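One-letter residues, chain by chain:
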Amino acid sequence: MLEGSSVIGGRNGKAGDDNDLNRDVRVDGRRLLDRLEELAGIGPIDGGGSCRLALTDDDRLGRDLLVTWMKDLGLTVTIDVVGNITGTWEVGAGAPVMTGSHIDTVRTGGRYDGNLGVLAGLEVIESLMAAGVRPRRPIAVTVFSNEEGARFQPDMLGSLVYVGGLGVEQALSTLAIDGPSYGDELGRIGYAGTVPCPGPAPHAFVELHIEQGPVLEREGFRFGAVTGVQGISWQEVTIEGQSNHAGTTPMSMRRDPALVAARLTVFLRELAERMGGDQVCTVGRIEVVPNLINVVPRSATLTLDVRNTDEKLLKAAEAEIDGFIEQIAADENVTISRRQLARFEPVEFDPRVVDSVERAITGRGHSVRRLPSGAGHDAQMLARVCPTAMIFTPSHLGISHNPAEHTDDADLVEGTQLLLDVMLDLLDTEFTPSSAESPTRSLT
Ligand code: HGY
Ligand code: MN
Ligand code: MN
């Protein structure tokens, strides 16, 4: 344990050489697990998961709990114009080392997606405070708004606005899939903050997150040093046909949007299988109007989620989908309109921070695998403004966005310990332009 209070951070530290400082500040696993349990109890659903869709009353309750915990720690709590909540330990000087993630969930959410990264950040701060450590820089933990993008698209909306990738007005006027605007809902839950966006660039950013996929567990690695995030293309497709009587309308006279939606869904699966590699395609939402047993539908609306680690391949997949949609619109004599909901190119994390993550993992004697993230994360937005990377814990059977999402307690706690180690390292690191020359690696 650290003797007394020690100043750390800043390789060119003046007040005594902190590099040989005994860094063995241990996080309090019980406190972390209890907080995960308490947060999971907000918006509980069958199977032990949570539903806290962005800007709903349950999201508000989760936010209130985090603000309370931040204030109990004496952090300076700020809320910005799109509802991002930042708790800052105002010590030292300069830009903070930041961590964080999200607490909004999909409708069938698990207990760890996003929540782990936020609560681990809080735990790191509380552990350093308890050990009497005085970081030379501030440390911040942020709850980013609407990371999931399930209710309001795009996903990672809060962190995207934070880094200046989306205008505030455009974000506030975004409509939810159930109707209201982002700005109205933010005001309704009392989290329409006044702090402007874009926010200040942190010194560095690191996010702890569950992998949400099968790689670490299947290949027998304990933790992941995440090299980047794959590209994401989301669009909504609306197919207008002609509603008609299910019994009297000859098949030759039909203009059936449900058939077109079904053909498009099958095409996406076949496209992903044909392309192989990292290509994934998902139709997650299909709505048919009037959705009645004896009516040939008038319209069908579906969402396409298409991803790849390689931008060229992602563009090729989008082009194939464009061609197929044109073809089936003509075949069935329906009209098809489309709306892009999100489009993010693949992101590579800063090799220096990925190296720091890898060193922390091996430094504690664990096996480590470098891998890209299949899921989107707030870190991919922070990577636009500061040196950034992520730490992955394994996901049992690779299941996520499902109440059955599971990560062992030991991995949750040790992952939090690794987050502390990496943040201490980042406090020590001055990111000079020259040190950015380290060779870039491919995402996979
Ligand atoms: O969709 C995603 O990848 C993330 O869960 N928002
Ligand atoms: Mn997440
Ligand atoms: Mn998610």
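This one's a predicted model, so the numbers in the text were calculated from it and none came from an experiment.

About the thresholds
Residues numbered from 1 in each chain as written. Chains lettered and ligands numbered in written order. Predicted model: local features only at pLDDT ≥ 70, side-chain atom pairs only at ≥ 80, totals over all residues. Heavy atoms only, no water. Helix = DSSP H or I, 4+ residues; strand = E, 2+ residues; numbered from the N terminus. Rg over C-alpha atoms; globule rule 2.2 N^0.38 Å. Lys, Arg positive; Asp, Glu negative; His and termini not counted. Charge placed at Lys NZ, Arg CZ, Asp CG, Glu CD. Axes fitted to C-alpha atoms, helices over the stretch in contact; angles between N-to-C directions. Parallel < 35°, antiparallel > 145°, perpendicular 65-115°, else oblique. Left-handed = near helix turned anticlockwise from the far one by under 90°. Contact = heavy atoms within 4.5 Å. Nonpolar A, V, L, I, M, F, W, Y, C, P; charged D, E, K, R; others polar. Donors = N, O, S within 2.8 Å, 3.2 Å for Na, K, Ca; no water. Buried < 20%, exposed > 50% of the residue type's maximum accessible area, 1.4 Å probe, protein only. Domains from an automatic or database assignment. Buried area = accessible area lost by both parts, 1.4 Å probe. Salt bridge = Lys/Arg side-chain N within 4 Å of Asp/Glu carboxyl O. Polar contact = N/O pair within 3.5 Å; in protein donor to acceptor, adjacent residues only side chain to side chain. Pairing = 2+ DSSP bridges.

Q: Help me out: how do you make sense of the overall build of the chain in this one?
A: When its secondary structure is counted, the chain shows 12 helices and 17 strands. Here the C-alpha radius of gyration of the chain, 23 Å, is about what a compact globule of 444 residues would show, namely 22 Å. Considering only C-alpha atoms, the chain reaches an extent of 85 × 45 × 40 Å along its principal axes. Each charge class in the chain was averaged separately, 40 positive and 64 negative side chains, and the resulting centres sit 1 Å apart.

Q: Would you mind going over the packing of helix H10 (residues 351-363) against helix H12 (residues 409-428) with me for this structure?
A: Each pair of packed helices can be described by the angle between their axes along with the distance between the axes. For the pair H10 and H12, the least separation of the axes is 9 Å and the interaxial angle reads 130°. Taken together, H10 and H12 sit at an angle that is classed as oblique. With respect to the hand of their crossing, H10 and H12 are arranged in right-handed fashion. Judged by residue contacts, Val353, Ser356, Val357, Arg359, Ala360 and Ile361 of H10 engage Leu418, Asp421, Val422, Asp425 and Leu426 from H12. Residues that form the contact of H10 with H12 fall into these classes: 7 nonpolar, 1 polar and 3 charged.

Q: Explanation requested: the coordination of the manganese ion (ligand 2) in the structure shown.
A: Protein coordination at the manganese ion (ligand 2): the donors are His102 (NE2), Asp113 (OD) and His209 (NE2), at 2.1 to 2.3 Å from the metal. Written as a sequence motif, the donor arrangement for the manganese ion (ligand 2) is H-x10-D-x95-H. Between the manganese ion (ligand 2) and the manganese ion (ligand 3), a separation of 3.6 Å is found, and both are coordinated by Asp113. Of this pair, Asp113 sits in the loop between strand S4 (97-101) and helix H3 (115-130) while His209 sits in strand S7 (residues 204-210), and the two are 96 residues apart along the sequence. Each member of the pair Asp113 and His209 is classed as buried.

Q: Is there a simple way to think about the coordination of the manganese ion (ligand 3) in this case?
A: When four donors bind a metal tetrahedrally, each ideal donor-metal-donor angle is 109.5 degrees, and when six bind octahedrally, the ideal angles are 90 or 180 degrees. The protein atoms donating to the manganese ion (ligand 3) are Asp113 (OD), Glu148 (OE), Glu148 (OE) and His401 (NE2), with metal-donor distances spanning 2.1 to 2.5 Å. Donor residues for the manganese ion (ligand 3), ordered by position in the chain, follow D-x34-E-x252-H.

Q: Looking at this structure, I do not really get unusual backbone geometry. What am I missing?
A: Negative phi is the rule for most residues except glycine; trans is the rule for most peptide bonds. Cis rather than trans, the peptide bond between Cys197 and Pro198 has omega equal to 0°. Within the fold, Pro198 resides in the loop between helix H6 (182-188) and S7. Between Val289 and the following residue, Pro290, the backbone shows a cis peptide bond with an omega angle of 5°. As for its position among the elements, Pro290 is in the loop between strand S11 (280-289) and strand S12 (295-296). Within the chain, Leu397 stands out as a residue other than glycine whose phi angle is a positive 60°. Looking at the element boundaries, Leu397 is found in the loop between strand S17 (388-393) and H12.

Q: Which parts of the structure should I look at to understand the domain arrangement of the chain?
A: The accessible area lost on association of the parts is a frequent measure of interface size. The domains assigned to the chain are domain 1 (6-229 + 347-435) and domain 2 (231-344). Its C-alpha centre places domain 1 at a distance of 35 Å from the equivalent point of domain 2. Counting residues at the interface gives 16 residues for domain 1 and 9 residues for domain 2. For the domain 1 and domain 2 pair, buried surface summed over both sides reaches about 830 Å², with 65% attributable to carbon and sulfur atoms. Summed over the three residues of domain 1 that lose the most area to domain 2, namely Gln153, Asp155 and Ile177, the buried surface amounts to 42% of that side. If you look at where domain 1 meets domain 2, you find 0 salt bridges. Across the domain 1-domain 2 interface, the total number found is 1 residue pair in polar contact (both at pLDDT 80 or more). Grouping the amino acids of the side of domain 1 that touches domain 2 by side-chain chemistry returns 8 nonpolar, 5 polar and 3 charged.

Q: When you look at the sheet that holds strand S14 (residues 335-344) in this model, what are you seeing that I'm missing?
A: An order of S11-S13-S9-S14 is seen for the 4 strands of this open sheet, with the pairing classed as antiparallel. In this open sheet, the two edge strands, each paired with only one partner strand, are S11 and S14. Neighbouring strand axes in the sheet, compared pairwise and without regard to direction, differ in orientation by 15° on average. Where helix H8 (residues 257-275) meets the sheet, it contacts strand S9 (231-240), S11, strand S13 (299-308) and S14, and its direction lies at approximately 10° from that of S13.

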